[in-house]
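Coordinate inspection notes
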Amino acid sequence: MSEYDVVVIGGGAAGLSAALVLSRARRRVAVVDAGQPRNAPAAHMHGFLSRDGLPPAGLLAIGREEVQGYGGHLVHGTVAGAVRGPDSEFELRLTNGSVLTARHLLVATGLRDVLPDIPGLRERFGRDVLHCPYCHGYEVRDQPIAVLGGTAEAVEHAQLVRQWSADVHLFPHSDALTADQRAQLAARAIEVADGRVARLVVDDDRLTGVQLDGGRVVPRTAVFVRPEFVPNNDVLVALGAATDDRGWVVADPVGRTTVAGLWVAGNVANPRAQVITAAGEGSAAAIALNADLVADDVAAAVRHHHVHQAG
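Residues numbered from 1 in each chain as written. Predicted model: local features only at pLDDT ≥ 70, side-chain atom pairs only at ≥ 80, totals over all residues. Heavy atoms only, no water.

1. Some points on the overall build of the protein
- Helix and strand counts for the protein stand at eight helices and 17 strands.
- Counting only C-alpha atoms, the protein reaches 85 × 35 × 35 Å along its principal axes.
- Taken across its 311 residues, the protein has 45% of its residues classed as buried.
- Split by element, the accessible area of the protein, about 15,300 Å² in all, is 52% carbon and sulfur.
- Each charge class in the protein was averaged separately, 28 positive and 35 negative side chains, and the resulting centres sit 2 Å apart. (Helix = DSSP H or I, 4+ residues; strand = E, 2+ residues; numbered from the N terminus. Buried < 20%, exposed > 50% of the residue type's maximum accessible area, 1.4 Å probe, protein only. Areas by Shrake-Rupley, 256 points an atom, 1.4 Å probe, with all protein chains shown as cover. Lys, Arg positive; Asp, Glu negative; His and termini not counted. Charge placed at Lys NZ, Arg CZ, Asp CG, Glu CD.)

2. Describing the sheet that holds strand β15 (residues 222-224)
- With respect to topology, five strands assemble into an open sheet ordered β8-β15-β9-β10-β11, the strand pairing being parallel. In this open sheet, the two strands that pair with only one neighbour each are β8 (129-130) and β11 (191-192).
- The pairing of strand β9 (residues 145-148) with strand β10 (residues 168-171) spans four bridges and is parallel. The residue of β10 that forms the bridge with alanine 146 is histidine 169.
- Along the sheet, helix α5 (residues 154-161) makes contact with β9, β10 and β15, crossing β9 at roughly 160°. (Pairing = 2+ DSSP bridges. Contact = heavy atoms within 4.5 Å. Axes fitted to C-alpha atoms, helices over the stretch in contact; angles between N-to-C directions.)

3. Some words on the environment of valine 249
- Turning to its location among the elements, valine 249 is positioned in the loop between α7 (234-238) and β17 (262-264).
- For the pair formed by valine 249 and valine 264, sequence separation is 15 residues and the distance between their alpha carbons is 8.5 Å.
- Excluding residues within four positions of it along the chain, valine 249 makes contact with Asn233, Leu236, Ala241, Ala242, Thr243, Thr257 and Val264.

4. Regarding the pattern of salt bridges
- Under the defined criterion, the tally for this structure stands at 16 salt bridges.
- Between arginine 182 and aspartate 194 there is a salt bridge; the shortest N-O distance is 2.9 Å. With arginine 182 in helix α6 (residues 179-187) and aspartate 194 in the loop between β11 and β12 (197-203), this pair connects stretches of sequence that are 12 residues apart.
- Judged by relative accessible area, arginine 182 falls into the partly exposed class, the value being 34%.
- Salt bridges sharing common partners tie together Asp5, Arg27, Arg28, Arg103 and Asp297. (Salt bridge = Lys/Arg side-chain N within 4 Å of Asp/Glu carboxyl O.)

5. Comments concerning helix α2 (residues 56-69)
- Between its terminal C-alpha atoms α2 stretches 20 Å, which fits the 20 Å expected from 14 residues at 1.5 Å a residue.
- Within α2 the residues assigned to the buried category are Pro56, Leu59, Leu60, Gly63 and Val67. In an axial view of α2, the angular spread of the buried residues amounts to 95°, which keeps them on one side of the axis. Away from the buried face of α2 by more than 90 degrees, exposed residues Ala57, Glu65 and Gly69 are located.
- Just downstream of α2 lies glycine 71, where phi reads positive at about 95°. (Expected span 1.5 Å × (residues − 1). Arc of directions from axis to C-beta.)

Take a look at the structure:
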C-alpha cells in the first residue's frame, strides 16, 4: 500500500492549492518543497483577489498552515529521482535519501527564467528589473521605463508596457528591428535606443539608467525584459511524460499528462500562469485527480467484494 494517496512536488501556489483541496477531501497528501520559490525576490504580488500587495512568502505561509490544518504533510526537500514501483505506485527518492510512495503524483515545480547576459540584470530581477507588466506595471506607472530586446517578442512587450507609461524606450540590444516595427513604435512614441546594452547603472541600490556599449547612459528607473522560460520538468520527463516540440509537457485542461496517475499544475506546464492562475490550476487538477482516485477505489472495492462473496 502506498504511503500517500498523492504526493505534490512543489509548494508554490499551484502545489499548495492542490494539496489543500485533496487534504479537505480526506486524502493522504504530502507536499515536497525546497523553499526556493521563483517569485522570492519580489516584495509583493499583485492581481490575486483579496491578497493584492501581499508578499509572496506571506501567501505561501498561509497556504502551508491551511494544508497542515487539514492533515496534509509538508516535507522539506528536493526530489532526486522518481520511478514507478512494482504495483504502479510512484516512488520518489529525495536528496536526503528518504523515499516516499504515492498512488498519484502532481508536479508543480514551476519554471526558471533565463535572462540575457547583461551585467546587473540577474541581481535586480524581481526588484526594478521586471518581466510581467500585469504583475508590476502599476507600481512603475508613469516612470521612465526600458524594455530590453535580446529575447523573443521584445517589440510586442514594449507595446504592452506603453500603456503604463508614456516614457518607454526599447533597447533592441542584439535584435534587428524591421521598418514596420520601427514605424509601429514611433506611432506610439516609443523611443528606440539602438546599440548593444553594456550594463545597468545602479546608484545607492537603485536602478538609474541603462548604459550602451558606446558609453551613452539612458536614464531609466525600471526595466522590463521577457526571459526565456525553461520548465523544471526533470521528474516529468524521467517518468516518460510526453513533451511538445518546445519541451513543455503535454497535458489536458485539468493537468492530466500522458502518464497514468501523473499530473501537472502551474508554471511547469503553463509559462503564462500568474499566481492566481496557478492556484486555480492546482485546484482544478486536484478535483480531477481525486475523481480518478475514486474510480480506483470503486474498482478495488468491487474486486474485494467479489472475492469476499466467492469465499
